[in-house]
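Now for the letters of each chain:
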Amino acid sequence: MAFENQYIQQRIEKANKLKELGYNPYDNDSKRDTTVAQFNSINSDIEKLEDRRDENRVSIVSGRIKFFRLMGKASFLKIEDESGMLQIYVARDNLPEGYYNDVFKKTVEVGDIVEVHGYPFVTNKGELSLHVNAFKVLTKAISPLPEKFHGITDKELRYRQRYLDLIMNAEVRKTFHIRSKVISLTRRFFEDKGFLEVETPMMHPIAGGANAKPFVTHHNALGVDRYLRIAPELYLKRLIVGGFEAVFEINRNFRNEGMDATHNPEFTSIEFYWAYKTYKDLIEITKEYFEYLFKHLDLPTVLPYAEMSVDYSQFAEIPLIESLTTVGGVPADITNDKEKILAFCKEKHIDVKPTMNLGQLQGELFDEYVEEKLINPTFITMYPVEISPLARRNDENPELTDRFELFIAGREIANAFSELNDPLDQLARFEGQGEAKEGGDDEAHEMDMDFVNALSYGMAPTAGQGIGMDRLVMLLTNEHSIRDVLLFPAMKPLVNENNQEEEEN
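Every value quoted in this text rests on a predicted model; they were computed, and no experiment measured them.

Conventions we followed
Residues numbered from 1 in each chain as written. Predicted model: local features only at pLDDT ≥ 70, side-chain atom pairs only at ≥ 80, totals over all residues. Heavy atoms only, no water. Pairing = 2+ DSSP bridges. Helix = DSSP H or I, 4+ residues; strand = E, 2+ residues; numbered from the N terminus. Contact = heavy atoms within 4.5 Å. Axes fitted to C-alpha atoms, helices over the stretch in contact; angles between N-to-C directions. Buried < 20%, exposed > 50% of the residue type's maximum accessible area, 1.4 Å probe, protein only. Lys, Arg positive; Asp, Glu negative; His and termini not counted. Salt bridge = Lys/Arg side-chain N within 4 Å of Asp/Glu carboxyl O. pLDDT = per-residue confidence, 0-100. Expected span 1.5 Å × (residues − 1). Left-handed = near helix turned anticlockwise from the far one by under 90°. Nonpolar A, V, L, I, M, F, W, Y, C, P; charged D, E, K, R; others polar. Arc of directions from axis to C-beta.

Caption draft 1: Layout of the sheet that holds strand β14 (residues 316–319). Reading across the sheet, the eight strands line up as β6-β10-β11-β18-β17-β16-β15-β14 and stay open at both edges, with mixed pairing between neighbours. Bordering the open sheet on either side are β6 (196–197) and β14, each of which pairs with just one other strand. This element, helix α8 (residues 279–297), spans β11 (266–275), β14, β15 (378–381), β16 (403–408), β17 (411–418) and β18 (462–468) of the sheet and lies at about 25° to β16.

Spelled out as structure tokens, the structure:
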């Protein structure tokens, strides 16, 4: 059973002891009026006072006990709330008669959430502290905290018990504060630019908008299967057809694929669509967006990432096929010849299929030789049409598309293009994707005739873009696994012989 651990039983006994003494171990009557950060701020001048204390400044502070040094007639504790850590001093003679020995010493311990009333003073060691004159337990913790949680190397435990990770690690909480602020700033940036935030379905009759394998669910009332969305793109473009000229959605997407340092089955992105604009306009607004984030997050333009140093003031722009040679070192005379690429890949032991078309092979070379070398922000442009089924063909070279992907620190962060608004071209590309699916590509686009029909009514010239918010936060916080920027990442289940979830110690 979950609570058979002897240490937990001892804590349960202490919770019962509080009840016997007339105190509710799960009190809901908190009178907190000051956070730790506020206490530190309003008392920042305390060291200037003659006796370095002010008994008239009374504050009520609440938090979790993180350190407890119990002594005979007095004790020092450290309590923590979301804003910081505060030392408190609890003396027997400042509490009601008998409380210190019969209640405080016998029932209170690390992990408990408490409320303290008192005044500020500075200890002999120079630390601003709170001198307690009233103390009560708000929440009795019956599971003990780890003694050295920072030393735990098993990150899976931290991911599975994120609540414990957050309790014990202020840096983890800081990461998620930054994530929340990035999402908020993103919303504000696009609203200030005149974009309308919208919501589109998360259950789709057809899995579309990206090359990905979907999750399948079943709608009982309708008696049909539905797909959790892999991207909102086709619905957002329907709104452009309908007359909205600038829309965005900060959304959760779901892809039934592998998990690694940059992939989680569900993830957050922003997609935005802008009528009467091109992919070149998106390059400029993306630069503005990064400048806006860095300004409001108060970040330097050069940030570390792993062993790299990324300069966010230096944006480059390179066509994909050109990058194969200039960045990847691939011989220029093979980059536009399918047979020569196949021979080159065979020589270099790169696993490709002979059935791949030229654009797919060029994409494979890019993945192999270029992507990881793109450290500073780089817009890779002019993608082959074969790997861009929703992008508009380039007017000068119809074998390429008006598309870019943004790479930072060797990783794709954004994907954008001038949208294909020719319904006949779109129909032909969907048909080509259908052939690819029949040939074994389970990530190819499904035919979406309703979307083709929408385009037939006319969609204004439009540019659209998606930015991976999880990967962006990874870059800004120097985290190297997507699990470190997701509060509750997907985890492989722990099972016992009966295929039931195991209890975790």
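From this point, the narrative continues.
Caption draft 2: Seen up close, the side chain of R483. Looking at the element boundaries, R483 is found in the segment after α14 (469–477). No salt bridge forms around the buried R483; measuring N to O, its nearest opposite-charge neighbour E156 is 4.2 Å away. In this structure R483 touches E156, Y159, R162, M259, P489, A490 and M491, once residues within four positions along its chain are discounted.

Caption draft 3: Examining unusual backbone geometry more closely. Its identity as a non-glycine residue notwithstanding, H349 has a phi of 60°, on the positive side. By secondary structure assignment, the location of H349 is in the loop between α10 (338–347) and α11 (358–369). In this structure H349 comes out as exposed when scored by relative accessible area, which is 73%. If you check the backbone angles, N478 has positive phi at about 55° while not being a glycine. With respect to the element layout, N478 can be found in the segment after α14.

Caption draft 4: Structural view of the sheet that holds strand β4 (residues 113–122). Strand order around the closed barrel formed by five strands is β1-β2-β3-β5-β4, with mixed pairing between neighbours. Going across the sheet, the axis of each strand differs from the next one's by a mean of 55°, ignoring polarity.

Caption draft 5: Here's a closer look at the confidence of the model for the protein. Across the protein, pLDDT averages 93, with 95% of residues at or above 70. For the stretch residues 501–505, pLDDT sits under 50, and the model shows 11 contacts to residues farther than four places along the chain or on other chains.

Caption draft 6: Region of interest: α8. Its 19 residues place the ends of α8 27 Å apart at the C-alpha level, agreeing with the 27 Å of an ideal helix rising 1.5 Å per residue. Those residues of α8 not exposed but buried are Y279, L282, I283, I285, T286, Y289, F290, Y292, L293, F294 and L297. D298 lies just past α8 and shows a positive phi near 55°.

Caption draft 7: Region of the structure containing the packing of α10 against α11. Two numbers describe how α10 lies on α11: the axes approach to 10 Å, and their chain directions differ by 35°. The handedness of the crossing between α10 and α11 comes out as left-handed. For the pair formed by α10 and α11, the contact residues are K338, I341, L342, F344 and C345 on the first element and L358, L361, Q362, L365 and Y369 on the second. When the residues that make up the contact of α10 with α11 are grouped by side-chain class, the tally is eight nonpolar, one polar and one charged.

Caption draft 8: Region of interest: the side chain of T262. Within the secondary structure, T262 sits in the loop between β10 (246–254) and β11. When residues no more than four places from it in sequence are discounted, the contact partners of T262 are R411, R471, M474 and I482.

Caption draft 9: Examining helix α3 (residues 99–107) more closely. Where α3 is concerned, the buried positions are Y99, Y100, V103, F104 and T107. With its buried residues spanning 135° around the axis, α3 presents them on a single face. Buried residues belonging to α3 abut α1 (6–20), β1 (59–70), β2 (74–81), β3 (84–91) and β5 (128–139).

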